[in-house]
Amino acid sequence: METADTPATKTTAVESLPSIPVEIMQTLFDQVNHVDYLFYESNFSMSMDSKASIQQTLTHVSEKVPVLNKNCKSIGRIFYEIDGNIEIEAEIYFSDQCQHFVFMKDNKRIYANNLTPEGVAHFKNIFKQAAGMNK
């Protein structure tokens, strides 16, 4: 609740979501065989179907739950697929202030997890490569 002493800039957390359960992460690790990355504000997307690469990117999901800040904007979405069916999706929040995923099922926000330091480095590398392709 805002009062004269608490300006809107101080009330930034809008929701909290639980961490994605270990069992779901294990299912993704074991069974996902295709991943699509769609980035909203660029003409860049990428797909993965190498099991080792998919498993490596899943290790970028931290067990830590982020503070969800309404000032953070999603920059894209990841689609995790098992045999052509989307198992779960993740909105990508990546900026100086926000570095996390919000997992979604049936367009409903259900889990949230920070990126590991390796995950942050991975996304920085992706954006560096994409910037180089656009030159």
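Cut-off values and rules
Within any chain, residue numbers begin from 1 and follow the written order of that chain's sequence. Two thresholds apply to this predicted model, a pLDDT of at least 70 for residue-level local features and 80 or more for giving and counting side-chain atom pairs, whereas whole-chain, interface and lining totals are computed over all residues. Calculated side-chain values reflect all of the structure's heavy atoms, with hydrogen atoms and water omitted. By salt bridge we mean one thing: a side-chain nitrogen of Lys or Arg within 4 Å of a carboxyl oxygen of Asp or Glu. Secondary structure is summarised from DSSP: a helix means a run of H or I of at least four residues, a strand means a run of E of at least two, and numbering begins at the N terminus for each. Only protein chains enter the area calculation, which uses a 1.4 Å probe; residues under 20% of their type maximum are buried, those over 50% are exposed, and those in between are partly exposed. The criterion for strand pairing is that DSSP finds at least two bridges linking the strands in question. The angle between two axes is taken between their N-to-C directions and runs from 0 to 180 degrees, where each axis is a line fitted to C-alpha atoms and a helix contributes only its stretch in contact.

Caption draft 1: Seen up close, the pattern of salt bridges. For the structure shown, the criterion picks out two salt bridges. One salt bridge in this structure joins Arg77 and Glu89, with 2.4 Å as the shortest N-O distance. Here Arg77, found in strand β5 (residues 74-82), pairs with Glu89, found in strand β6 (residues 85-94); they are 12 residues apart in sequence, far enough to count as distant. Each of the two residues, Arg77 as well as Glu89, counts as buried. Owing to a relative accessible area of 14%, Arg77 belongs among the buried residues under this scheme. Because the salt bridges share partners, they merge into one network encompassing Arg77, Glu89 and Glu91.

Caption draft 2: Layout of the sheet that holds strand β3 (residues 45-48). Ordered in space as β3-β2-β5-β6-β7-β8, the six strands form an open sheet in which the pairing is antiparallel. Of all the strands in the sheet, just β3 and β8 (108-114) have a single pairing partner and so form its edges. Ignoring which end each strand starts from, the neighbouring axes of this sheet average 20° apart. In terms of strand pairing, strand β2 (residues 34-39) meets β3 through four bridges, oriented antiparallel. When the sheet's bridge partners are listed, Leu38 is paired in β3 with Ser45.

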